[in-house]
Amino acid sequence: QVQLVESGGGLVQDGGSLRLSCAASGRTISTYTMGWFRQAPGKEREFVAANAWGGRGTYYADSVKGRFTISRDATKNTVLLQMNSLKPEDTAVYYCAAESGQKIITSGYEYEYWGQGTRVTVSS
């Protein structure tokens, strides 16, 4: 079992930055693919970014490419999402997810473990 807890959300102005953290417990995430998803009000959950373990790469949704960066802090068993140049359309609840395996996963249905989410609001 892996427990995930997100933090770092909040209110930020258009063009601002936030860094989300996802702290994992129960197991080390060093052999898990980690992903970030988001769900805006009235919309379906969508993929944001994923990081496959062992240096197997990262992948981003086109809408965040060049602005968001996913990374891991192995010493803290944590995955981070640095979000720069935020836009009002980035407003959503952001969720962290984990799945054992070695490949990039962009479908939420393939992730076994999920956090409770952290809300990000970008004001215009």
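Right, let's walk through the structure included here. Because the structure is predicted, anything quoted here is derived from the model rather than measured.

**What to know about the side chain of S21**
Right, on to step 1. For S21, the location among the structural elements is in strand β3 (residues 18-25).
Right, on to step 2. In contact with S21, other than residues within four places in its own chain, are V5, E6, S7, W36, T78, V79 and L80.

**Quick notes on the pattern of salt bridges**
Right, on to step 1. Counted according to the given criterion, the structure contains 5 salt bridges.
Right, on to step 2. Between D90 and R67 there is a salt bridge, with its nearest N and O atoms 2.7 Å apart. Taken together, the residues span a long stretch of sequence, with D90 in the loop between β8 (78-83) and β9 (92-100) and R67 in the loop between β6 (58-60) and β7 (68-73) at a distance of 23 residues. Of the two residues, D90 and R67, both sit in the buried class.
Right, on to step 3. For the salt bridge of E110 with K103, the shortest nitrogen-to-oxygen distance reads 3.7 Å.
Right, on to step 4. According to the relative accessible area criterion, E110 is partly exposed, its value standing at 39%.
Right, on to step 5. Among the ionic contacts, a cluster of salt bridges with common partners joins R38, E46, R67 and D90.

**A closer look at the nonpolar core**
Right, on to step 1. One finds L4, W36, L81, M83 and Y94 to be the most contacted residues of the largest nonpolar core, which totals 35 residues.
Right, on to step 2. Those elements that place two or more of their residues in this core are β3, β4 (32-39), β5 (46-51), β7, β8, β9 and β11 (118-123).
Right, on to step 3. Looking at this core element by element, the count peaks at 5 residues for β9.

**Considering the sheet that holds strand β1 (residues 3-7)**
Sheet strands associate in pairs through backbone hydrogen bonding, adopting either a parallel or an antiparallel arrangement.
Right, on to step 1. With antiparallel pairing, the 4 strands of this open sheet are ordered in space as β1-β3-β8-β7. Looking at which strands have only one partner, the edges of the open sheet turn out to be β1 and β7. Direction aside, neighbouring strands of the sheet carry axes that sit 20 degrees apart on average.
Right, on to step 2. Both β7 and β8 contribute to a ladder of 6 bridges, which runs antiparallel. Looking at β8, one finds that T69 is bridged to Q82.

**Comments concerning the side chain of T33**
Right, on to step 1. If you trace the backbone, T33 turns up in strand β4.
Right, on to step 2. The class for T33 is buried, based on a relative accessible area of 0%.
Right, on to step 3. At a separation of 2.8 Å, a polar atom in the side chain of T33 contacts the main-chain carbonyl oxygen of K103.
Right, on to step 4. In contact with T33, other than residues within four places in its own chain, are N51, A52, W53, R72, A97, A98, E99, G101, Q102, K103, I105 and Y111.

Definitions and limits used
Residues numbered from 1 in each chain as written. Predicted model: local features only at pLDDT ≥ 70, side-chain atom pairs only at ≥ 80, totals over all residues. Heavy atoms only, no water. Helix = DSSP H or I, 4+ residues; strand = E, 2+ residues; numbered from the N terminus. Contact = heavy atoms within 4.5 Å. Salt bridge = Lys/Arg side-chain N within 4 Å of Asp/Glu carboxyl O. Buried < 20%, exposed > 50% of the residue type's maximum accessible area, 1.4 Å probe, protein only. Core = buried A, V, L, I, M, F, W, Y, C linked by side-chain atoms within 4.5 Å. Pairing = 2+ DSSP bridges. Axes fitted to C-alpha atoms, helices over the stretch in contact; angles between N-to-C directions. Polar contact = N/O pair within 3.5 Å; in protein donor to acceptor, adjacent residues only side chain to side chain.

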